Amino acid sequence: MFAHEFMRNALLAGSFVGVACGLVGYFVVLRAQVFAGDALSHVAFTGALAAAVLGLNILTGLFVACVLGGVLMGLPGERARADDVVIGSLFAWTLGLGVLFLSIFTTKSSAGNGTAGVRVLFGSIFGLSTSDVRTSAALATLASLLVIAIARPLLYASVDSAVAAARGVPVRLLGLGFLAVLGLVAAEASQAVGALLLLGLLAAPAGAAHRLTASPWHGLLLSSLLSLGSVWLGLTLSYLFPTLPPSTMIIAVAVGAYALTHIATAGRSARDWPGRARSVNV
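Residues numbered from 1 in each chain as written. Predicted model: local features only at pLDDT ≥ 70, side-chain atom pairs only at ≥ 80, totals over all residues. Heavy atoms only, no water.

Observations concerning the overall build of the chain
Here is step 1 of the chain: On a plain count of helices and strands, the chain comes out with twelve helices and zero strands.
Here is step 2 of the chain: A total of 282 residues make up the chain; the buried ones form 50% of that total.
Here is step 3 of the chain: A separation of at least 24 residues holds for 78% of the contacts in the chain among residues at least 6 apart in sequence.
Here is step 4 of the chain: Roughly 12600 Å² of accessible area belongs to the chain as shown, and the carbon and sulfur atoms make up 69% of that amount. (Helix = DSSP H or I, 4+ residues; strand = E, 2+ residues; numbered from the N terminus. Buried < 20%, exposed > 50% of the residue type's maximum accessible area, 1.4 Å probe, protein only. Contact = heavy atoms within 4.5 Å. Areas by Shrake-Rupley, 256 points an atom, 1.4 Å probe, with all protein chains shown as cover.)

Set out below in C-alpha cells:
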C-alpha cells in the first residue's frame with residue numbers, strides 16, 4: 001500500500017486533517033455547535049463553485065467561504081455562539097446559492113463537466129498532489145496550534161460563559177475565533193471526505209471521546225486519536241476494497257467507533273457516566 005504515491009499522499013494529508021478535526025470537533029460537541037459544522041459543509045460547496053464560476057482557484061474560494069461563514073454565524077450571538085435560527089438561515093441561503101452556481105458552472109461552455117463540484121461534495125483525497133499535501137499539512141497544523149493555544153480559556157467560556165466573562169475572559173472574541181478555526185478545518189476536511197460527509201469526521205470521534213472521559217485534556221487527545229485512526233483505517237479499507245470510496249469508509253469507521261462507545265456506555269446511569277457525573281475541571 002505504501003508503494004503507491006497517491007496512498008502516501010492521502011495518508012499524510014489525512015493524518016493532519018484527522019488530528020485537526022479531532023481537536024476542533026471536541027469543542028464543537030462541547031459547545032453544542034454540531035449544526036454549525038453541518039452548515040459549513042454547504043458553505044464549502046457554495047464557496048468552491050462560486051470560485052469556479054468566477055474563474056478563481058477553487059481551494060481559495062473554499063477556504064475563504066468557510067472561514068467567513070463561520071465568523072458570520074457567530075456575529076449576531078451575544079457570546080458569539082450561533083443559534084439555530086442564524087445557522088438555519090445561512091444553511092438555506094448558501095444552499096440556494098450553491099444550486100445557482102452549480103447551474104451556471106455546468107452550463108458555461110468553458111466550465112468543463114462539473115468535476116470540481118463532485119470533488120468538493122465527495123472529497124478527492126486519492127487525487128491530492130504533493131503540493132496539496134503540503135498545503136493541507138500546513139493549514140491543519142495551524143488550526144491545531146490555534147485550538148491548543150486557546151483551549152483553556154475556550155473550555156472555561158464553553159462550560160460557563162457568564163462566569164468566564166466576569167473573570168475577564170474575552171468570551172465573544174474566543175467564540176468568533178473558534179468559529180473561524182472551525183471554518184478552516186471544515187474546508188480542510190472537505191478535501192478529504194467531501195462537504196457532504198465532513199460533519200461525521202468532526203462530530204463522531206469527538207462524541208465518542210465525550211462519552212469515554214470527562215477530562216477535557218484526555219478528551220482532546222482521545223478525540224484526535226479516534227479521528228486519526230478513522231482516517232487511516234478508512235483509507236486502508238478503501239485500498240483493500242477499491243470499489244468502496246475512501247470518504248465513505250473514513251466516515252463509516254468514525255461513526256462505527258461512536259456507535260461502539262455508545263453501546264459500551266449505554267448501561268451507565270447518569271450518576272456513573274463521566275460526561276454527566278462530574279463537572280469539568282477547567
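Regarding the confidence of the model for the chain
Here is step 1 of the chain: Scored by pLDDT, the chain comes out at a mean of 81, with 85% of its residues at no less than 70.
Here is step 2 of the chain: Within the chain, the element-level pLDDT minimum falls on helix α12 (residues 274-277), averaging 45, and the maximum on helix α10 (residues 216-240), averaging 94.
Here is step 3 of the chain: Every residue in residues 273-280 scores below 50 in pLDDT, and together they form 19 contacts with partners more than four places removed in sequence or on other chains. (pLDDT = per-residue confidence, 0-100.)

Remarks on the nonpolar core
Here is step 1 of the chain: Ranked by size, the top nonpolar core spans 67 residues in total, and within it V24, F27, V185 and L235 carry the most contacts.
Here is step 2 of the chain: Among all residues touching V185, those that are not within four sequence positions of it are A20, C21, V24, A143 and L202. (Core = buried A, V, L, I, M, F, W, Y, C linked by side-chain atoms within 4.5 Å.)

What to know about the packing of helix α9 (residues 198-212) against α10
Here is step 1 of the chain: Packing of α9 against α10 brings their axes to within 8 Å, and their N-to-C directions diverge by 135°. What the angle tells us is that α9 and α10 run oblique. As α9 packs across α10, the resulting crossing turns out to be right-handed. Facing α9, whose interface residues are L201, P205, A206, A208, A209 and L212, α10 presents G219, L222, S223, L226, S227 and V231.
Here is step 2 of the chain: Its residues assigned to classes, the contact of α9 with α10 comprises nine nonpolar, three polar and no charged. (Axes fitted to C-alpha atoms, helices over the stretch in contact; angles between N-to-C directions. Parallel < 35°, antiparallel > 145°, perpendicular 65-115°, else oblique. Left-handed = near helix turned anticlockwise from the far one by under 90°. Nonpolar A, V, L, I, M, F, W, Y, C, P; charged D, E, K, R; others polar.)

Looking at the side chain of H210
Here is step 1 of the chain: Positionally, H210 belongs in helix α9.
Here is step 2 of the chain: With relative accessibility at 16%, the residue H210 sits in the buried group.
Here is step 3 of the chain: Of note is the side chain of H210, whose polar atom sits 3.0 Å from the backbone oxygen of Y26. (Polar contact = N/O pair within 3.5 Å; in protein donor to acceptor, adjacent residues only side chain to side chain.)

Some remarks on helix α2 (residues 34-53)
Here is step 1 of the chain: Here α2 is 20 residues long and its end C-alpha atoms lie 30 Å apart, about the 28 Å a rise of 1.5 Å per residue gives.
Here is step 2 of the chain: Counting buried positions over the 20 residues of α2 gives 17, a clear majority of the element.
Here is step 3 of the chain: Positive phi shows up at G55, right after α2, with a value of about 75°. (Expected span 1.5 Å × (residues − 1).)

Observations regarding unusual backbone geometry
Here is step 1 of the chain: At A32, a residue that is not glycine, the phi angle is positive and equals roughly 55°.
Here is step 2 of the chain: Checked against the element boundaries, A32 lands in the loop between α1 (5-30) and α2.

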